[in-house]
Each structure stands twice: as structure tokens, then as C-alpha cells.
Amino acid sequence: MRAVIQRVNGASVVVDGETVGEIEGRGLCVLVGVTHGDTAGKAAQLARKLWSVRLFDDHESDGVEKSCSDLGAPLLVISQFTLYGDARKGRRPTWNAAAPGEVAEPLVDEVVAQLRSLGARVETGRFGADMKLSLTNDGPFTVLVEV
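## Describing the overall build of the protein chain
When helices and strands are tallied, the protein chain shows three helices and seven strands. In the protein chain, the succession of α and β elements from N to C terminus is β-β-α-β-β-α-β-α-β-β. In summary, the protein chain has a C-alpha radius of gyration of 15 Å against a globular reference of 15 Å for 147 residues, a match within 12%. For the protein chain, the spread of C-alpha atoms along the principal axes amounts to about 50 × 35 × 30 Å.

## Details of the pattern of salt bridges
Counted by the stated rule, this structure contains seven salt bridges. One salt bridge connects Asp86 with Arg88, and the closest N-O pair in it is separated by 2.7 Å. Residue Asp86 is classed as partly exposed on the basis of its relative accessible area of 26%. Overall, the relative accessible area of 73% leaves Arg88 in the exposed class.

## Observations regarding the packing of aromatic side chains
This model, assessed by the stated rule, comprises one aromatic pair. Seen in terms of ring centroids, Phe81 and Trp95 are 5.3 Å apart; in terms of plane orientation they differ by 70°. Their pairing is edge-to-face. Of this pair, Phe81 sits in the loop between strand E5 (75-79) and helix H3 (101-117) while Trp95 sits in the loop between E5 and H3; the two residues are 14 residues apart in sequence, bridging distant segments of the chain.

## What about the layout of surface pockets?
With a probe scaled to a water molecule rolled over the atoms, the places where space remains empty come into view. One number sums up the size of the largest pocket: a volume of about 330 Å³. If you trace the largest pocket, you find 20 residues lining it, with Ser79, Gln80, Phe81, Ala129 and Met131 closest to the centre. Split by residue class, the lining of the largest pocket holds 13 nonpolar, six polar and one charged.

## Here we look at H3
Taking 1.5 Å per residue as the helical rise, H3 with its 17 residues ought to reach 24 Å, and the 24 Å between its terminal C-alpha atoms agrees with that figure. Regarding H3, the residues found buried are Ala104, Leu107, Val108, Val111, Val112 and Leu115. Within H3, the buried residues cover an arc of 145° as seen down the axis, which keeps them to one side. Exposed side of H3, more than 90 degrees from the buried face: Glu102 and Ser117 are the residues found there. Those residues of H3 that are buried lie in contact with strand E2 (18-33), helix H1 (40-52), E5 and strand E6 (122-124). Positioned one or two residues after H3, Gly119 has a phi angle of 105°, which is positive.

How each quantity is defined
Residue numbers run consecutively from 1 along every chain, following the written order of its sequence. Local features in this predicted model are restricted to residues of pLDDT 70 or higher, and side-chain atom pairs are both shown and tallied only at a pLDDT of 80 or more, whereas totals for entire chains, interfaces and linings draw on every residue. Hydrogens and water molecules were not included; the side-chain quantities draw on all heavy atoms of the structure. Runs of E in the DSSP output that reach at least two residues are strands. Runs of H or I that reach at least four are helices, and both are numbered from the N terminus. Each radius of gyration reported is based on C-alpha atoms, and the globular scaling rule is 2.2 Å times the count of residues to the power 0.38. Just to be clear on terms, a salt bridge is a Lys or Arg side-chain nitrogen sitting within 4 Å of an Asp or Glu carboxyl oxygen. Throughout this description, buried means an accessible area under 20% of the type-specific maximum (1.4 Å probe, protein chains only), exposed means over 50%, and partly exposed covers the range between. Two rings from Phe, Tyr or Trp (for Trp, the six-membered ring) form a pair when their centres sit within 6.5 Å of each other. Planes less than 30 degrees apart are called stacked, planes more than 60 degrees apart edge-to-face, and all others tilted. Grid points spaced at 1 Å over the protein atoms alone were grouped into cavities, where a 1.4 Å probe fits but cannot get out, and pockets, open sets with protein on both sides within 12 Å along at least five of seven lines, with lining residues defined by an atom within 4 Å of a point. Grid points are joined across faces, edges and corners, and a volume is the space filled by probe spheres set on the points. Note on residue classes: Ala, Val, Leu, Ile, Met, Phe, Trp, Tyr, Cys and Pro are nonpolar, Asp, Glu, Lys and Arg are charged, and everything else, Gly too, is polar. In this scheme, a helix's expected span is set at 1.5 Å multiplied by one less than its residue total. Along the arc lie the directions from the helix axis toward the C-beta atoms. The contact rule is simple, with two residues in contact once any of their heavy atoms fall within 4.5 Å.

This is how it looks when you write it as C-alpha cells:
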């Protein structure tokens, strides 16, 4: 599994003119890609990483970095098969490394379920939909995580 994590100050996702997921204030916008061979175990591992990775400055505690779990910060989790696109050859990317929807959707749902079981407030997009994502990247700050 691969995730692009952006530290945000607000993010939302719209499908067909309807806001289907939104977080306000400090949080993380997470784009999740699934490849062949990914498992529920990897989904749980990714969820633990997202909940505990220290990406937020906390000026009140002498600059000690904090995680979503420390701050109770929300996450907006969006599935994105294009994270496994390969554009090394030619002018068109291939998507061979991306797992098919019937494999990927339950694993993205498992990441969300695991996050919620850890106590996270999680908003989501709509799997397979044409989504419009808006966010204010705080930093800018973007990290790639693979499990």
C-alpha cells in the first residue's frame, strides 16, 4: 500500500456537486493506493502509521512534534489508484501495478475502519467516483508512506 499524506488546514471532497467528506482545521489528507498482494494486515499497519506519525508542530510544547492521535486531528482518506501509475516509458502511464477495484475498495475501507477503531475521526471520498478534492496544504507539507 502507498499513501501520499498532506498536512492540511482543512480539506473537502465533492462528488456530483455534493460534499461527501470534509475536515476543518488541522488534519491530514491521505491519498491511498493499493497494489497486488496488499492485505488487511497492511491496511492495519498503514492505519497505525497514519494515526501515530508525528507531522504537526506543537509550538506550545517546545517544538515537540505531534501526531493525529496526540491532537485528535481528523483525517480525510481518499482512494487513488493512480498512485501506482507508471510513466517511465512513453507518454501514457500504465496502471498495471494498481489493484483492481474489487481488491482495492475493501482494503481502503479497512484502512478507514482501523483508523476509526484507534479513535480517529475519518472522512472519506466515494470509491470509483469522479471526485473534486480541495485542500489547504499546511507548510506545504507532503510525505509518501509505503507499507
